[in-house]
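Below, each chain spelled out in residue letters.
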Amino acid sequence: MIDVLALGEVMLRFDPGEGRIRTTRTFQVWEGGGEYNVVRGLRRCFGLRTAVVTALADNAVGRLVEDLVLQGGVDTSLIRWVPDDGIGRTARNGLNFVERGYGIRGALGVSDRAHTAVSQLRKGDINWDALFASGPRWFHTGGIFAGLSDTTVEVADEAMAAARRHGVTVSYDPNYRPSLWAGRGGADRAREVDLRLARHADVVVGALGLAGPYPGAVRVGPDEVPDALAEVAGRLPSARVLATTLRAVPSAGVNDWSSAAWSPTTGFVAGPDLPGLQVLDRIGSGDAFAAGLIHGLLTGAGLERALAYGTAHGALAMTTPGDVSMASLAEVEALVAGGSAAVRR
């Protein structure tokens, strides 16, 4: 039986390490994807049984993605395999080239994901009622999957509504990516979709992405976070938890890292504060935060403790390369308890 189910795209990430995409001769290959990263973290760090609903073109590249997902312990039985035409004319697998950044040079992502198999999923392709009747406790998706195409918006809406009908807790992360909405209505259309889908959600991660008139319209200062979350709560009256990471970026290698949340019962809650956090690779840290938060909420730890799990897990994810977390639960617990980076023997 699955504890947590995610709907999203899984891509191959090509990582030039300390080099640049445009000059490298070698890449390290990982798997990654906003929604997938969450269930991968929940499986490998927190020990929950997880699965991902996605689609892949059935060729050697797709099977590599599957192999990487299997190594992460995430159930692959819900992958939809699309026949391969030999050159990707009708369906293909997504690629994501990512530089980690260093110092004054920020991280850079160059995605190659148009016309992927998962972007062609349509409403009715998946029997969500049967899937949620099988017993998962939590369902997660987000704005990256919804932004892949007009049809994926409908699939996300269908899935979230079905989860609610079956009493499954639903989380959503707006995770705005300008490149996904270019030529398709831009930030205004993304906001429209996010509000439509977030109204199905019990928990909204990255909730500050819904502040202001459209994504990126406002920069929320530390003192403005409580009011911004209250504004989002007014737009989402059914939400039980709104959570967000808080990050300042003095350089690519040093971030100030914290979090905050709101719920109707607690009001505003501030998360742990980790200033001057040394960063190796920040990509996927927000997804690791979501995984820790979900773990805390699923185990009944309370919102403050759930924020601590999310903040610690996100921080540890930034100390290793790749999208996915390599942290252990013992390391997360130690950091939550105030642990240090001292050598352990």
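Residues numbered from 1 in each chain as written. Predicted model: local features only at pLDDT ≥ 70, side-chain atom pairs only at ≥ 80, totals over all residues. Heavy atoms only, no water.

**Focus: helix 7 (residues 186-198)**
Logical step 1: When the terminal C-alpha atoms of helix 7 are compared, their 18 Å separation across 13 residues agrees well with the 18 Å that a helix rising 1.5 Å per residue should span.
Logical step 2: Regarding helix 7, the residues found buried are Ala187, Ala190, Arg191, Val193, Asp194, Leu195, Leu197 and Ala198.
Logical step 3: Lining the buried residues of helix 7 we find helix 4 (143-146), helix 5 (150-165), strand 9 (169-173), helix 6 (178-181), strand 10 (203-205) and helix 8 (225-235). (Helix = DSSP H or I, 4+ residues; strand = E, 2+ residues; numbered from the N terminus. Expected span 1.5 Å × (residues − 1). Buried < 20%, exposed > 50% of the residue type's maximum accessible area, 1.4 Å probe, protein only. Contact = heavy atoms within 4.5 Å.)

**A few points about the side chain of Glu158**
Logical step 1: Structurally, the position occupied by Glu158 is in helix 5.
Logical step 2: Summary of buried charges: Glu158 has no salt-bridge partner, and the nearest side chain of opposite charge, Lys123, is 5.9 Å away.
Logical step 3: Ignoring any residue separated from it by four or fewer positions in sequence, one finds Glu158 in contact with Lys123, Gly124 and Trp128. (Lys, Arg positive; Asp, Glu negative; His and termini not counted. Salt bridge = Lys/Arg side-chain N within 4 Å of Asp/Glu carboxyl O.)

**Section: the packing of helix 5 against helix 7**
Logical step 1: Between helix 5 and helix 7, the shortest axis-to-axis distance is 10 Å and the interhelical angle comes to 15 degrees. One element, helix 5, and the other, helix 7, form an angle in the roughly parallel class. At the point where helix 5 passes helix 7, the crossing takes the right-handed sense. When helix 5 is examined against helix 7, the residues Val153, Glu154, Ala156, Asp157 and Met160 are found in contact with a partner set consisting of Val193, Arg196 and Leu197.
Logical step 2: Residue composition of the contact of helix 5 with helix 7, by class: five nonpolar, no polar and three charged. (Axes fitted to C-alpha atoms, helices over the stretch in contact; angles between N-to-C directions. Parallel < 35°, antiparallel > 145°, perpendicular 65-115°, else oblique. Left-handed = near helix turned anticlockwise from the far one by under 90°. Nonpolar A, V, L, I, M, F, W, Y, C, P; charged D, E, K, R; others polar.)

**Re the packing of helix 9 (residues 285-298) against helix 10 (residues 303-317)**
Logical step 1: Where helix 9 meets helix 10, the closest approach of the two axes is 7 Å, and the angle between their N-to-C directions is 150 degrees. Comparing their axes, helix 10 and helix 9 come out roughly antiparallel. For the element pair helix 9 and helix 10, the recorded crossing hand is right-handed. Contacts between helix 9 and helix 10 involve Ser285, Ala288, Phe289, Ala291, Gly292, Leu293, His295, Gly296 and Leu297 on the former and, on the latter, Leu303, Ala306, Leu307, Tyr309, Gly310, Thr311, His313, Gly314 and Ala317.
Logical step 2: Residues that form the contact of helix 9 with helix 10 fall into these classes: 10 nonpolar, eight polar and no charged.

**Here we look at the pattern of salt bridges**
Logical step 1: Following the criterion strictly, the structure yields 21 salt bridges and no others.
Logical step 2: The closest approach of N and O atoms between Arg137 and Asp3, which form a salt bridge, is 3.5 Å. In this pair, Arg137 sits in the loop between helix 3 (128-133) and strand 8 (138-142) while Asp3 sits in the segment before strand 1 (4-7), placing the two residues 134 residues apart along the sequence.
Logical step 3: Overall, Arg137 belongs to the partly exposed group, its relative accessible area being 38%.
Logical step 4: Here Asp3 falls in the buried class, since its relative accessible area comes to 7%.
Logical step 5: Among the salt bridges present, the one from Glu99 reaches Arg20, with a minimum N-O distance of 2.8 Å. Highlighted residues: Glu99 in strand 6 (residues 95-99) and Arg20 in the loop between strand 2 (11-15) and strand 3 (28-32), separated in sequence by 79 residues.
Logical step 6: Residue classification places Arg20 among the partly exposed residues on the basis of a relative accessible area of 24%.
Logical step 7: What you see here is one network of salt bridges that share partners, running through Arg13, Asp15, Arg100, Asp281 and Asp323.

**Regarding the packing of aromatic side chains**
Centre distance and the angle of the planes are the two values used to describe a pair of aromatic rings.
Logical step 1: The full count for this structure, using the stated rule, is seven aromatic pairs.
Logical step 2: Ring centres of Trp128 and Phe139 lie 5.8 Å apart, and the angle between their planes is 65 degrees; this geometry places the pair in the edge-to-face category. Within this pair, whereas Trp128 is found in helix 3, its partner Phe139 is found in strand 8, the two being separated by 11 residues in sequence.
Logical step 3: What links up through ring pairs into an aromatic cluster is the set Phe14, Phe27 and Phe97.
Logical step 4: Directly above the aromatic system of Trp81 lies the positively charged group of Arg63, at a separation of 3.7 Å from the ring centroid.
Logical step 5: Here the basic side chain of Arg184 rests over the ring of Trp181, its NZ or CZ set 4.7 Å away from the ring centre. (Phe/Tyr/Trp six-rings, centres within 6.5 Å; stacked < 30°, edge-to-face > 60°. Lys NZ or Arg CZ within 6 Å of the ring centre and 35° of its normal.)

**Side note on the environment of Gly143**
Logical step 1: The topology assignment puts Gly143 in helix 4.
Logical step 2: In this structure Gly143 comes out as buried when scored by relative accessible area, which is 4%.
Logical step 3: For the pair Gly143 and Arg196, spaced 53 residues apart in sequence, the C-alpha to C-alpha distance is 11 Å.
Logical step 4: Ignoring any residue separated from it by four or fewer positions in sequence, one finds Gly143 in contact with Glu35, Tyr172, Asp173, Pro174, Asn175 and Asp194.

**Some points on the nonpolar core**
Logical step 1: Counting 51 residues, the largest nonpolar core has Trp128, Phe139, Leu236 and Leu242 as its most contacted members.
Logical step 2: Among the elements that line this core, the one with the most residues is helix 5, at seven residues.
Logical step 3: Those residues in contact with Trp128 that lie beyond four places of it in its chain are Leu5, Leu7, Val53, Phe139, Val155, Glu158, Ala159 and Ala162.
Logical step 4: Among the nonpolar cores identified, the runner-up in size contains 47 residues, and Leu48, Val74, Val241 and Leu298 belong to it. (Core = buried A, V, L, I, M, F, W, Y, C linked by side-chain atoms within 4.5 Å.)

**Details of helix 10**
Logical step 1: Here helix 10 contains 15 residues, and its C-alpha end-to-end distance of 21 Å stays within 8% of the 21 Å for a straight helix at 1.5 Å per residue.
Logical step 2: Burial of helix 10 is extensive: 13 of the 15 residues sit out of reach of the surface.

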